[in-house]
Amino acid sequence: MPFAQLALGPPGSGKSTYCNGMHQFLSAIGRKCSVVNLDPANDALPYPCPLDIRALVKLEDVMRVEELGPNGAVMWAMEELEANWSWFEERLVGLDGELPFGFLMDEEE
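If you're wondering where the values come from, they're calculated on a predicted model, not measured in any experiment.

Tracing the backbone shows Gly69 in the loop between α2 (59-66) and α3 (70-83). Look at Gly69 and you get partly exposed, because its relative accessible area is 35%. Each C-alpha atom of the pair Gly69 and Leu59 lies 9.5 Å from the other, and the pair is 10 residues apart in sequence.

Dropping the structure here:
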């Protein structure tokens, strides 16, 4: 049965480090693991990321096009994800073959 962990916290709190460590650990013990990135600003992930919100919306694009600051752009990006929830669900379900043991989500607030 799949399970999930959701890593939340302010910038620099260690969410990506934690997700990277868990991905390495689960891989080392032979368990499958997928990391999902819900941070539209994080373009330097230290682990494989088969589902990345940046495929839907990138923070720098939102800031430029919508003329928003970083906080407003994150809010806009989350609303875009909500408006395209089926996009997320389809891709999440598509990870099913990779999720029997571990599923980590990395989200920047």
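Ranked by size, the top nonpolar core spans 14 residues in total, and within it Val36, Leu38, Leu51, Val57, Leu81, Trp87 and Phe88 carry the most contacts. Contributing elements (two or more residues each) for this core: α2, α3 and α4 (85-94). The element that contributes the greatest number of residues to this core is α3, accounting for four residues.

By the definition in use, this model includes one aromatic pair. Ring geometry for Trp85 versus Phe88: centroids 4.9 Å apart, planes at 45 degrees, classification tilted. With Trp85 and Phe88 both in helix α4 and three residues apart, this pair spans about one turn of that helix. Here Trp85 falls in the partly exposed class, since its relative accessible area comes to 40%.

In this structure the tally under the stated criterion is three salt bridges. A salt bridge links Arg91 to Glu90, with the nearest nitrogen and oxygen atoms 3.9 Å apart.

So, on to the confidence of the model for the protein. Across the protein, pLDDT averages 83, with 85% of residues at or above 70. Of all the helices and strands in the protein, strand β4 (residues 102-106) carries the lowest mean pLDDT, 46, while α2 carries the highest, 96.

By the element assignment, Asn84 lies in the loop between α3 and α4. Residues Asn84 and Leu56, 28 residues apart in the sequence, show an inter-C-alpha distance of 8.6 Å.

With that out of the way, let us pick up unusual backbone geometry. Within the chain, Glu67 stands out as a residue other than glycine whose phi angle is a positive 55 degrees. Position of Glu67 among the secondary structure elements: in the loop between α2 and α3. Note on Glu67: relative accessible area 72%, which makes it exposed.

This part covers the state of the cysteines. Tallied over the entire structure, the rule returns zero disulfides. Take Cys33: it sits in no disulfide, and the sulfur closest to it among the cysteines is that of Cys19, at 8.2 Å. Of the residues examined, Cys33 reaches a relative accessible area of 12% and is grouped as buried.

What counts as what
Residues numbered from 1 in each chain as written. Predicted model: local features only at pLDDT ≥ 70, side-chain atom pairs only at ≥ 80, totals over all residues. Heavy atoms only, no water. Helix = DSSP H or I, 4+ residues; strand = E, 2+ residues; numbered from the N terminus. Buried < 20%, exposed > 50% of the residue type's maximum accessible area, 1.4 Å probe, protein only. Core = buried A, V, L, I, M, F, W, Y, C linked by side-chain atoms within 4.5 Å. Phe/Tyr/Trp six-rings, centres within 6.5 Å; stacked < 30°, edge-to-face > 60°. Salt bridge = Lys/Arg side-chain N within 4 Å of Asp/Glu carboxyl O. pLDDT = per-residue confidence, 0-100. Disulfide = S-S within 2.5 Å.

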